Amino acid sequence: MPLPFKPYIEQIRSYEPGKPIEEVERELGLKKVIKIASNENPLGISPKVLRAVKKALPKAYLYPDMNGFCLKERLAEKLGVDRGEIILGNGSDDILDLIARGFISPGEKAVSSKTSYLLYPIVVKSQGGEYIEVPARDFKYDLDAIRDNIDKKTNVVFISNPNNPTGTYVNRKELTDFLDAVPDRVLVVMDEAYCDFAEANDFPDGVFFVKVGRPNVIVCRTFSKSSGLAGLRVGYGLANARLASYLNKFRQPFNVNRLAQEAAVAALGDDDFLSRTKEVVSDGKEYLYRQLDRLPVRYVPSEANFILIDLGTDSAEAFDFFMRKGLVVRDMSSYELYTFIRVTIGLPRQNRIFIKILKKFLKEKKL
Ligand SMILES: Cc1ncc(COP(=O)(O)O)c(C=O)c1O
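Conventions and cut-offs
Residues numbered from 1 in each chain as written. Predicted model: local features only at pLDDT ≥ 70, side-chain atom pairs only at ≥ 80, totals over all residues. Heavy atoms only, no water. Pairing = 2+ DSSP bridges. Helix = DSSP H or I, 4+ residues; strand = E, 2+ residues; numbered from the N terminus. Contact = heavy atoms within 4.5 Å. Axes fitted to C-alpha atoms, helices over the stretch in contact; angles between N-to-C directions. Buried < 20%, exposed > 50% of the residue type's maximum accessible area, 1.4 Å probe, protein only. Disulfide = S-S within 2.5 Å. Domains from an automatic or database assignment. Buried area = accessible area lost by both parts, 1.4 Å probe. Salt bridge = Lys/Arg side-chain N within 4 Å of Asp/Glu carboxyl O. Polar contact = N/O pair within 3.5 Å; in protein donor to acceptor, adjacent residues only side chain to side chain. Nonpolar A, V, L, I, M, F, W, Y, C, P; charged D, E, K, R; others polar.

1. Notes on the sheet that holds strand β10 (residues 306-310)
Pairing between sheet strands relies on hydrogen bonds along the backbone, with the strands arranged either parallel or antiparallel. Read from one edge of the open sheet, four strands run β9-β10-β13-β12, paired in antiparallel fashion. Each edge of the open sheet is held by one strand with a lone partner, namely β9 (298-300) and β12 (330-331). Here two bridges tie β12 to strand β13 (residues 340-344), and the two strands are oriented antiparallel to one another. Among the inter-strand pairings, R330 is bridged to a residue of β13, identified as R342. Packed onto the sheet, helix α13 (residues 315-324) meets β12 and β13 and runs at close to 40° relative to β13.

2. Some remarks on α13
The complete set of buried residues in α13 reads S315, A318, F319, F321, F322 and M323. One or two positions beyond α13, positive phi appears at G326, with a value near 85°.

3. Comments concerning the state of the cysteines
Inspection of the entire model under this criterion finds zero disulfides. Counting only cysteine sulfurs, C195 is the nearest neighbor of C220, a cysteine outside any disulfide, at a range of 11 Å.

4. A look at the sheet that holds strand β7 (residues 217-222)
If you walk across this open sheet you meet the seven strands as β2-β8-β7-β6-β5-β3-β4, and the pairing is mixed. Each having just a single partner strand, β2 (86-89) and β4 (130-134) make up the two edges of the open sheet. Here the strands of the sheet are splayed against their neighbours by 20° on average, with no regard to which way each runs. Pairing of strand β6 (residues 187-191) with β7 involves four bridges; the strand directions are parallel. Bridge pairing in β7 places D191 opposite C220. Across the sheet, helix α4 (residues 69-79) touches β2, β7 and β8 (235-238), and the angle it forms with β2 is around 125°.

5. A look at the domain arrangement of the chain
Accessible area lost upon the coming together of the parts serves often as the stated size of an interface. Along its sequence, the chain is carved into domain 1 (7-45 + 272-364) and domain 2 (53-269). Computed from C-alpha atoms alone, the centre-to-centre distance between domain 1 and domain 2 is 24 Å. With 34 residues of domain 1 in contact, the opposing surface of domain 2 contributes 32 residues. Buried surface at the junction of domain 1 and domain 2, both sides included, amounts to about 2600 Å², of which 65% is carbon and sulfur. Looking only at domain 1, the three residues that lose the most surface to domain 2 are Y15, E303 and Y335, adding up to 27% of its buried area. Its salt-bridge partner being E336, residue K114 comes within 3.0 Å of it at the nearest N-O pair. Counting the contacts that link domain 1 with domain 2 gives eleven residue pairs in polar contact (both at pLDDT 80 or more). Those elements giving two or more residues to the side of domain 1 that touches domain 2 turn out to be α1 (7-10), α12 (271-293), β10 and β13. Looking at which element gives the most residues to the side of domain 1 that touches domain 2, the answer is α12, with seven residues. Considering only residue class, the side of domain 1 that touches domain 2 consists of 17 nonpolar, ten polar and seven charged.

As structure tokens, this is what we get:
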């Protein structure tokens with residue numbers, strides 16, 4: 001008798017990460033490869049955080065605080081919520097997974113937009129759920145169509161705001177109208193992994209909706225992007241106390257490791273690093289827009305730390321071209337955007353190198 005492999009799990013298309021620097025260096029014998037494929041922080045790790053991690057390292061033989069007291073205390077203070085409204089995760093991916101485990105059973109549904117974060121279908125399908133992808137409109141979430149796709153079996157809606165990989169956003173009014181229209185029994189997940197980079201005046205703060213007592217909203221945030229802790233894995237969810245405690249019941253007890261907790265606490269006390277990060281991203285975005293405007297490519301204006309670019313030609317080929325020149329970009333084929341790449345905004349020098357190689361590529365392709 002074979003093992004009882006579950007067909008709905010076997011059918012899952014695994015997550016494809018940005019190609020790691022070490023792998024490219026090993027495979028191509030290159031040195032100093034630049035990765036602008038996973039929306040990591042271009043400034044690296046903050047010195048303050050590094051000191052905190054080094055200080056915590058000798059205690060790595062001890063289990064971490066399973067309730068993350070200090071980290072929750074700092075988050076609660078910063079965001080104006082109660083500690084009981086916070087759930088910590090091994091990255092915000094962990095929270096997304098807990099949401100699916102807590103709210104999706106075989107035959108139940110989750111809805112989101114097409115061209116959104118690739119982990120949503122994975123966590124939903126891993127529970128035997130059905131994942132409904134609603135076509136986007138101009139690369140943007142079509143919230144009206146999403147609402148029309150909600151039925152009795154729909155338990156969860158995922159909204160990535162700003163959206164990965166398009167960089168588009170749902171504004172305050174659109175979100176408020178949507179939340180007013182969605183039945184209370186449907187959990188709306190506001191995935192705000194990139195919210196720190198949003199500059200639009202009408203960009204909504206998902207935490208507001210938790211604070212005003214919407215029982216069916218959970219906000220997911222991460223230290224991976226603006227705080228530069230992607231390799232340590234720490235994120236969190238914010239929701240009313242009943243929902244937070246529900247998800248807390250079945251998470252792995254020590255899901256956020258000791259170093260990650262210390263690093264996150266230090267990051268919350270490092271406003272300077274956060275503002276420098278935002279500045280580098282904002283300036284870099286302006287530079288890239290200016291350069292891209294002069295080239296025969298199209299791009300989607302972004303509220304995040306990356307830009308989705310349509311090269312008008314095979315993206316896998318472009319990915320390869322860039323990689324051989326020591327630059328790892330994200331090929332968007334896995335999102336069915338076969339002529340697009342996604343580029344993380346880097347340091348000024350990295351942005352210049354990207355534009356230089358892009359020009360070479362377009363010239364070679366006679367575009
Ligand atoms: C939209 C979105 N949500 C969540 C995450 C997960 O981030 P992490 O698990 O590193 O906190 C990412 C990471 O790329 C993302 O793009």
